[in-house]
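Each chain, letter by letter, is given below.
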Amino acid sequence: MGRVSSKYVGYEDRYFGLVDGMKSLNVDVRGPIQLASRCSFVQSNKLRNYSVESRESADSSVNGICRILENNIWNGEMENALSAIDHKSQPGYVVAVLKRQKDAHLALRYFRWTEQKIGQPHPPEAYNSLLMIMAKSRNYNDLEHILEEMSLAGYGPANNVCIELVTNMIKSSQLANAVNLINTMRRLKFRPPFSAYTTLIGALSDAREPDLALGMFHQMQEIGYEVGIHLFTTMVRIFAKEGRLDAALSLLDEMKSNNFDADVVLYNVCIDCFGKVGKVDMAWKFFHEMKAQDLLPDDVTYSSMIGVLCKAQRLDEAVELFEQMELNRKVPCAYAYTTMIMGYGSAGRFEDAYRLLERQREKGCIPNVIAYNSILTCLGKMGKVEEACKIFEDMKKDAEPNISTYNILMEMLCRTGKIMMVDKVREMMETAGLFPNTWTINIMIDRLCKAQKLDEALGIFNNMEQMGCMPNSVTFCSLIDGLGRNSRVDESYRLFERMLDADLEPNAVVYTSLIRSFFKCGRKDDGHKIFKEMTRRGCAADLTLYNTYMDCVFKSGETEKGRSIFEEIKVKGFVPDARSYSILIHGLIKAGHARETYELFYAMKEQGCVLDTLAYNTAIDGFCKSGKVNKAYQLLEEMKSNGHTPTMVTYGSVIDGLAKIDRLDEAYMLFEEAKAKGVPLNVIVYSSLVDGFGKVGRIDEAYLIMEEMMQKDLVPNVYTWNCLLDALVKAEEINEALVCFQSMKDLKCKPNVHTYSILINGLCRVRKFNKAFVFWQEMQKEGHAPGLITYTTMISGLARAGNVVAANELFQRFKAKGGIPDAACYNALITGLSNADRAMDAYRVFEEMRQKGCTASIKSCVILLDALHKADNLEQAAIVGAVLKEMAKSQHAAKSL
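None of these values were measured; they are calculated from a predicted model. (Residues numbered from 1 in each chain as written. Predicted model: local features only at pLDDT ≥ 70, side-chain atom pairs only at ≥ 80, totals over all residues. Heavy atoms only, no water.)

## Description of the overall build of the chain
To keep it simple, the criterion reads: Going along the chain from the N terminus, every DSSP run of H or I of four or more residues is numbered as a helix, and every run of E of two or more is numbered as a strand. Burial here depends on accessible area, computed with a 1.4 Å probe over protein chains only, as a share of the maximum for the residue type. Under 20% is buried, over 50% is exposed, and the range in between is partly exposed. Working rule for contacts: check all heavy atoms of both residues, and any pair within 4.5 Å makes them a contact. Using the Shrake-Rupley algorithm and a 1.4 Å probe, accessible areas are obtained, with residue cover drawn only from the displayed protein chains. Counted as positive: Lys and Arg. Counted as negative: Asp and Glu. His and the chain ends are not counted at all. Where a charge sits is defined by one atom per residue type, namely NZ (Lys), CZ (Arg), CG (Asp) or CD (Glu).
Secondary structure assignment for the chain yields 50 helices and zero strands. In terms of overall dimensions, the chain has C-alpha extents of about 140 × 80 × 60 Å along its principal axes. Split into buried and exposed, the 897 residues of the chain put 48% on the buried side. Restricting the contact set of the chain to residue pairs at least 6 apart, pairs at least 24 apart contribute 62%. When the accessible area of the chain is evaluated, it comes to approximately 44100 Å², of which 50% is carbon and sulfur surface. Side chains of the chain give 108 positive and 112 negative charges; the mean places of these two sets differ by 3 Å.

Dropping the structure here:
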């Protein structure tokens, strides 16, 4: 304890009278005695001879005070009642009363009131009693203020009080408050007890807060506590489990520099933790180092190392180590056998697993339920349901199936769609005296949702209470996700509200499901509201949620919002992964910003993202759409060299990119490569080749691709037919195009506006205007309203054919219907009217075109200029000539750049 502050010296006599009085009341006065022992004016015998009657009177007064405080409302009436009791002559009442209080707020009011009434500071015991009330009631509002006051008075919190505070903060999940308490005590020059530190470090370890734990660990060393091997082991375990191996190794070095020898427990922790994060060679190093230190590996050591090797698929080494452990061993280690059996099962070597079970029996050790559950789990993951059922029957000879066994079986059956068998297994479980727990129900609901049997899942959910189970967060999460994925988003949201009503806190997975569901149903505003609600409730978003939200936002057309979410990922301290970049690149490609692919792709690589197939496919698609086909080709080769198998999407993107820049031979070679590797190709890939061959006039090859596609039972879509029709029209094979059109309708592929536009354009080019008009009428009859392209095609065709009257009428009708002609339409009509010697009509269309902001082509201007000169419209000709000069200047300036 510190020295008593000088401002309290005037209270010496009263203070030590209080101490003796407290003794007479059987009050614990360890704090005051410690303080008094340091002072030169100890009065040890002053009030020790109180009569039994006075003690009874004191107890009666304390009881009276406690009865007054039971009202729990501090007001003037309570103060008057308390004033009737003489606190000044019996200051020991305060400690006795405080020890019986539970309400921290009321205790503090009483503490302050009595301090004022008595006219002297309370003793350390009173302060510690007040802190103990705060600890037990978990009310820490005034804790820091009380500690500061104790520091000024020269007091310190008792060790048991400090431990009680830390323990209760941990129990109420207030780890931040516990850390703050220790830091506050250090700031005020108090020395927190050793147990407070170790308890807090253990809690921080469980909560996966390695940095805070390390801070407490170093603080212990700073104030002189000797940290032993046990604490070092705890710290190493924390950092190794988090994958922060450098920090774990640094702690091991520090331990060695402090001359601590590692024990078997520490080595076991290192082997287990380093192995679980994939550092198998490091785990091996610890195993051999342990033996070099003359420490004998125990059962845990061998079992952990075997487990690490099995997980790393180094089964031969695991078997060798297992046999080494078994050498000259009379009693087998059941845990090691179970670990080895699990290793065989995970590798699909079930016969070896069964032989090991038999060997265990022969050694007099009956395989336990955990060993059988391990085999059943592995069989379930590989879909071997019948074999699993046989093992389930066999296990009954050795071990009684437990509830986990039945849960494993039900999960397996649900996963493979054998829903009817689940009820039989549940009946078997109940016959064995076991009843479904929440885990069992969660398995059934989750698998039913994944099998899209939502009503059955909801039926089980609604009967949970009758089964003696209460739904937890996992239950709600499965149903919310299942309903949302099947567009039952309103039911999904109602379950979310029920979850809140049940005082269950939704996690990031639940919010991810809701956001995805609302966006998928086209209710993007509700999706944004869910994200805001999550933020308001203080739920921490994870990277998966941000990625999903960003993907939904891009797909809904909110490009800039999508960009901002990507930036927010970095602001929130997350490192964007390959999926983050893939979503961003894909969203920008769809929004027409494919040129940004290059920069983003290399930013992803520089960041060290592990590229997966999706990332490669997205980047390749972006490079192709931005014209960087060579780069896409290189990336395809890099993808293959890095062990990623190109998919249909990969080949489709590169084939389409090559076809669009007329590198058809290379595109066809890739097409053949994909088929040779067994990659299934869809209609889109075939259509890319049909379009490519058709555009360069290689119609026979386009037909061959079309025939091959149909031979593979792939049905050409309207885009495929349009590509072939367009190729035939451009080759002026209009009759073949009409035959193709009929085939299209025979195969039940409905023509669209673009189909009719292609045919109308082709017929107009070969001057078959009547036939073109027939298709014009058919198109409208089929419910296709002629659009800009169709009108432009018809007007241009009529104008080029010299039928300018019909072209002009159609032009005027198009505008009357609210249509806005484009430059191609204006230029075609100007050219047609000029060629028909209707120079002034052509000039009026030319002026209208300029007013509308459309640019006349050089060709149409030259033809118009010639027609105006012929008609002696020199003033108008001068204007057109001036426009031509300006266009020539602009072209020259552009070339000089």
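## Observations concerning the packing of aromatic side chains
Our working rule: Put simply, two rings from Phe, Tyr or Trp (the six-membered ring, in Trp's case) pair if the centres are within 6.5 Å, and we call them stacked under 30 degrees between planes, edge-to-face over 60, tilted for the rest. To sit over a ring, a charge needs its Lys NZ or Arg CZ within 6 Å of the ring centre and within 35 degrees of the ring normal.
Considering all chains together, one arrives at 34 aromatic pairs under this definition. Centre to centre, the rings of Phe601 and Tyr602 are 5.2 Å apart; their planes meet at 85°, and the pair counts as edge-to-face. When its relative accessible area of 0% is taken as the criterion, Phe601 is described as buried. Through a chain of ring-to-ring contacts, three or more aromatic side chains come together here, namely Phe519, Phe531, Tyr546, Tyr549 and Phe574. Above the face of the Tyr225 ring, Arg191 is positioned so that its terminal group lies 4.2 Å from the ring centre. Above the face of the Phe286 ring, Lys285 is positioned so that its terminal group lies 5.0 Å from the ring centre.

## Some details on the packing of helix α17 (residues 299–311) against helix α19 (residues 334–346)
Stated precisely, the cut-off is as follows: Between N-to-C directions, angles cover 0 to 180 degrees, with each direction set by a line fitted to C-alpha atoms, over the stretch in contact for helices. An angle counts as roughly parallel when it lies under 35 degrees, as roughly antiparallel when it exceeds 145, as roughly perpendicular when it falls between 65 and 115, and as oblique in every other case. Under the convention adopted here, Pro, Cys and the residues Ala, Val, Leu, Ile, Met, Phe, Trp and Tyr are nonpolar, Asp, Glu, Lys and Arg are charged, and Gly plus all remaining residues are polar.
One way to put it is that α17 packs onto α19 with a least axis distance of 9 Å and a crossing angle of 5°. Between α17 and α19, the crossing angle belongs to the class labelled roughly parallel. Taken together, the residues of α19 that come into contact with α17 (itself represented by Ser303, Ile306, Gly307 and Cys310) are Tyr335, Ala336, Thr339, Met340 and Gly343. Among the residues forming the contact of α17 with α19, the class breakdown is five nonpolar, four polar and no charged.

## Topic: the state of the cysteines
Between two cysteines, a covalent bond joining their sulfur atoms is known as a disulfide. Applied cut-off: Cysteine sulfurs are considered disulfide-paired once they come within 2.5 Å of each other.
Per the counting criterion, the structure on display carries zero disulfides. In this model Cys333 remains outside any disulfide bridge; the closest cysteine sulfur is found in Cys365, 8.5 Å from its own. Take Cys740: it sits in no disulfide, and the sulfur closest to it among the cysteines is that of Cys749, at 10 Å.

## Side note on the side chain of Thr184
Quick note on the threshold: Any N or O atom pair separated by 3.5 Å or less is treated as a polar contact, with the protein-specific requirement of one donor-capable and one acceptor-capable atom, and with residues adjacent in sequence counted only for side-chain atom pairs.
Assignment of secondary structure puts Thr184 in helix α10 (residues 175–187). Here the side chain of Thr184 touches Asn180 through a polar contact of 2.7 Å, landing on its backbone oxygen. Non-local contacts of Thr184, meaning those with residues more than four positions away in its chain, are made with Glu144 and Leu147.

## Some remarks on empty space enclosed by the protein
Let me state the cut-off plainly: Cavity means a closed set of points on a 1 Å grid over the protein atoms alone, one where a 1.4 Å probe fits but cannot get out, pocket means an open set with protein on both sides within 12 Å along at least 5 of 7 lines, and lining means a residue has an atom within 4 Å of a point. Grid points are joined across faces, edges and corners, and a volume is the space filled by probe spheres set on the points.
With the rule as written, the count across this model stands at one cavity of 30 Å³ or more. Taken as a whole, the largest cavity spans an internal volume of roughly 40 Å³. What lines the largest cavity is Leu252, Met255, Lys256, Ala262, Leu266, Tyr267, Cys270, Phe286 and Glu289. Residue composition of the lining of the largest cavity, by class: seven nonpolar, no polar and two charged.

## A few points about the environment of Gly380
Mapping Gly380 onto the fold places it in helix α21 (residues 369–381). In this structure, the C-alpha to C-alpha distance between Gly380 and Ser473, residues 93 residues apart in sequence, is 25 Å. For Gly380, the residues in contact, after removing those within four places along its chain, are Met412 and Arg415.

## Looking at the pattern of salt bridges
Heads up, the condition is: Salt bridge, as used here, is a side-chain nitrogen of Lys or Arg placed within 4 Å of a carboxyl oxygen of Asp or Glu.
Going through the model one piece at a time under the given rule, you end up with 54 salt bridges. The closest approach of N and O atoms between Glu505 and Arg537, which form a salt bridge, is 3.4 Å. Taken together, the residues Glu505 in the loop between α28 (489–501) and α29 (508–520) and Arg537 in the loop between α30 (524–536) and α31 (543–555) connect sequence positions 32 residues apart. We classify Glu505 as partly exposed; its relative accessible area is 47%. Put simply, Glu323, Glu326, Arg359 and Lys363 are held in one network by salt bridges that share partners.

## A look at unusual backbone geometry
Phi is positive for Asn259, which is not a glycine, with a value near 65°. Counting through the fold element by element, Asn259 comes out in the loop between α14 (245–257) and α15 (264–276). By relative accessible area, Asn259 is classed as exposed at 67%. Phi is positive for Gln313, close to 60°, though the residue is something other than glycine.

## Details of the packing of α17 against helix α18 (residues 315–326)
The condition that has to hold: With the far helix as reference, a near helix turned anticlockwise by less than a right angle produces a left-handed crossing, and one turned clockwise produces a right-handed crossing.
Packing of α17 against α18 leaves a shortest axis separation of 8 Å and a crossing angle of 165°. Regarding the angle of α17 to α18, the classification is roughly antiparallel. Of the two elements, α17 crosses α18, and the hand of that crossing is left-handed. For the pair α17 and α18, contact is made by Tyr302, Met305, Ile306, Leu309 and Cys310 and by Leu315, Glu317, Ala318, Leu321, Phe322, Gln324 and Met325, respectively. A per-class count over the contact of α17 with α18 returns ten nonpolar, one polar and one charged.

## Quick look at the environment of Val236
Looking at where Val236 falls in the secondary structure, it is placed in helix α13 (residues 229–241). Residue classification places Val236 among the buried residues on the basis of a relative accessible area of 1%. As a C-alpha pair, Val236 and Leu214 span 22 residues in sequence and 9.9 Å in three-dimensional space. With residues near it in sequence (within four places) discarded, Val236 still touches Ala248, Leu251, Leu252, Leu266 and Cys270.

## Looking at helix α27 (residues 473–485)
Selection rule: Helix span, as expected, comes to 1.5 Å for every residue beyond the first.
Between its first and last C-alpha, α27 extends 18 Å over 13 residues, near the 18 Å set by a 1.5 Å rise per residue. Among the 13 residues that make up α27, ten are buried, leaving the element largely enclosed by the rest of the structure. Those residues of α27 lying buried are Thr475, Phe476, Cys477, Ser478, Leu479, Ile480, Asp481, Gly482, Leu483 and Gly484. The elements touched by buried residues of α27 are α25 (438–450), α26 (454–462), α28 and α29. The backbone nitrogen of Val474 has a side-chain oxygen 3.1 Å away, supplied by the residue at the start of α27, namely Asn472.

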